[in-house]
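# Coordinates in review
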Amino acid sequence: MAALWSNPDFQFVFWAIVKIVVILLALLGVVSYLIYVERKVAGHMQARTGPNRVGPLGLLQPVADILKLFFKEEFIAQHSNRVIYHVAPALAVIPALVTFSVLPLGPLVTVTDINVGLLLFLAMSSLGVYAITLAGWSSNSKYSLLGGLRSSAQMISYELSMGLATIGPLLLAGTLSLTGIVEAQSRMLHVGPVPIPGWFVFFQPVAFVIFMITALAETNRAPFDLPEGEAELVGGFHTEYSSMKWGLFFLGEYMNMIAISGIAVALFLGGWNGPFLPEPLKVVWFVAKVFALLFGFIWIRWTYPRLRYDQLMNLGWKVLLPASIVNILVTAVVIYWRQPS
Amino acid sequence: VTLVQALFLVFGALLVVSSLMVVVHRNPVTSALFLVLGFVSLGAIYLTLRAEFLGMVQIIVYAGAIMVLFLFVLMYLNLQHDVETGVQIALRRGLGWLMGVLVLGLGALLLGRGWASGPASAAAPATHGNAHEVGIALYSRYLFPFEITSMVLLVAMVGAIVITRGRRAPGAPPGAAGDEGGAS
């Protein structure tokens, strides 16, 4: 046992598994209460109270919801492709979870810091399409298929702009490691006498806006929730799903929201950097910024109506894509120009 | 075996099995999914060889972009089974066997002559395969092939646009034919 324990490979795997389990459990809790927050915020935005019956302030509502999901009847559509039908919900959750492995939560708190962290995030978000496409196809239902096809088209279109928007901070930091990008934002800048934090959002406002818009589209959140537009497509790609399989899609959507907000914080909002707190507690800043962005997600959902399909495609290809390319060009030119020769 | 070698073996086995399933499986959509699995395990093999950039790009480009489009088309056509018969399928089978034998022979030759260094025997330098190295190589030594490739892609893109626009009837106003729907 002692020999095994002193093996560096074993230690590496052991601590990685410990971190993964801790983050997974924390995320499950965060997601269930994020849903509660979403319902509460939605309620107050519409002059209602939101859930308030189960427990004080309705705080036990997520527990009740999850229990209900587990006890629901499992329904499998006839002539559906069984294997793919069962695999698709898992695929909705896995990419989001893998992304968390590279998220720099704090100076000392991260599962792993690899030198291609940003690329890993892009790879995982490009794999996220499969869950929805496969769910739509394997259900053998018109609504599901149309929802799945729509979502493939939407995610392929917006992935490009998202990838290009991340190049701005990348050029400024000069590294693909997310921890490196956060560290590049740790110094303070002085505009005249006023000190401002050196977050990349101040240098890359266009990229930040593009990234957040594409983040909404990639997570299928309103106003980009066409794949599940209930007025035309019933439930969209998850029409035929029930019980905990449907729950996994829901879980995947919220985990994706958290992951993408975390990436946005690391790329643009200075990650864990912030005043007052000592090093080990800097993770609080990260969490606070992520929650601010998540509130933004919810706010937007309950404020804007859904886009029409052609508007969606026009916005993606004719506005966001050219804008992100111009942004890269300008950033590159300015960096080259300011470089000491 | 070290951890990296064990991972290499696992992903290598996964790659071989999923590649076989691509050929053997009757349902085209399932075949395509096994191809995705193959690409992902190939990306993982690149990681074990310390080519992180290549591994990630492998997943982004092949598994994330190209195969999604493949799958898109397969689902749209809704091919449940391979329906072609007769001469065409015989021709395809013959070509397939020929290619398979050629690839096997090539692999045996490479292994026999010791050209393939084998799994993780020679440790690559720590920076090898990183974005920096790849970028420097692309923009200096391989600039011309790189630019030619981009031209080829541009030509393909223009061709695709021309085909999807359809042929306009003589005298018809611009954008009258094949102009429904957005770019999807």
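In the block above lies the structure referred to throughout.
None of these values were measured; they are calculated from a predicted model.

## Examining unusual backbone geometry
All names here are of chain A. Residues other than glycine seldom take positive phi values, yet Ala47 does so here, at roughly 55°. As for its placement among the helices and strands, Ala47 is situated in the loop between α2 (8-45) and α3 (61-71). Residue Asn220 is not a glycine yet carries a positive backbone phi of 55°. One can find Asn220 in the loop between α9 (205-218) and α10 (230-233).

## Examining helix α6 (residues 143-165) of chain B
Over its 23 residues, α6 of chain B extends 33 Å from the first C-alpha to the last, a length consistent with the 33 Å expected when each residue adds 1.5 Å. The first or second residue beyond α6 of chain B is Gly166 of chain B, which carries a positive phi of 80°.

## A look at the interface of chain B and chain A
Residue-level contacts link 27 residues of chain B with 27 residues of chain A. In total, chain B and chain A occlude about 2,200 Å² of area from one another, counting both sides; carbon and sulfur atoms represent 80% of this. Together, Met56, Phe72 and Met75 of chain B form the three largest contributors to the area buried by chain B at its contact with chain A, with a combined 25%. Inspection of the region where chain B meets chain A yields 0 salt bridges. In this structure, the connection of chain B to chain A is made through 2 residue pairs in polar contact (both at pLDDT 80 or more). Of all the elements in the fold, those that place two or more residues in the side of chain B that touches chain A are α2 (28-48) and α3 (52-77) of chain B.

## Some details on empty space enclosed by the protein
Residue and element names in this part refer to chain A. Within the structure shown, the criterion is met by 1 cavity of 30 Å³ or more. One number sums up the size of the largest cavity: a volume of about 110 Å³. Considering the residues around the largest cavity, the lining is formed by Pro95, Ala96, Thr99, Phe121, Met124, Ser125, Gly128, Met155, Glu218, Asn256, Ala259 and Ile260. Mapped by element, the contributors of at least two residues to the lining of the largest cavity are α4 (82-100), α5 (117-138) and α11 (243-268). A total of 4 residues in the lining of the largest cavity trace back to one element, the largest contributor, which is α5. Partitioned by chemical class, the residues of the lining of the largest cavity number 7 nonpolar, 4 polar and 1 charged.

Criteria and cut-off values
- Residues numbered from 1 in each chain as written.
- Chains lettered and ligands numbered in written order.
- Predicted model: local features only at pLDDT ≥ 70, side-chain atom pairs only at ≥ 80, totals over all residues.
- Heavy atoms only, no water.
- Helix = DSSP H or I, 4+ residues; strand = E, 2+ residues; numbered from the N terminus.
- Expected span 1.5 Å × (residues − 1).
- Contact = heavy atoms within 4.5 Å.
- Buried area = accessible area lost by both parts, 1.4 Å probe.
- Salt bridge = Lys/Arg side-chain N within 4 Å of Asp/Glu carboxyl O.
- Polar contact = N/O pair within 3.5 Å; in protein donor to acceptor, adjacent residues only side chain to side chain.
- 1 Å grid on protein atoms, 1.4 Å probe; cavity = no way out; pocket = protein on both sides within 12 Å on 5 of 7 lines; lining within 4 Å.
- Points joined across faces, edges and corners; volume = space filled by probe spheres on them.
- Nonpolar A, V, L, I, M, F, W, Y, C, P; charged D, E, K, R; others polar.

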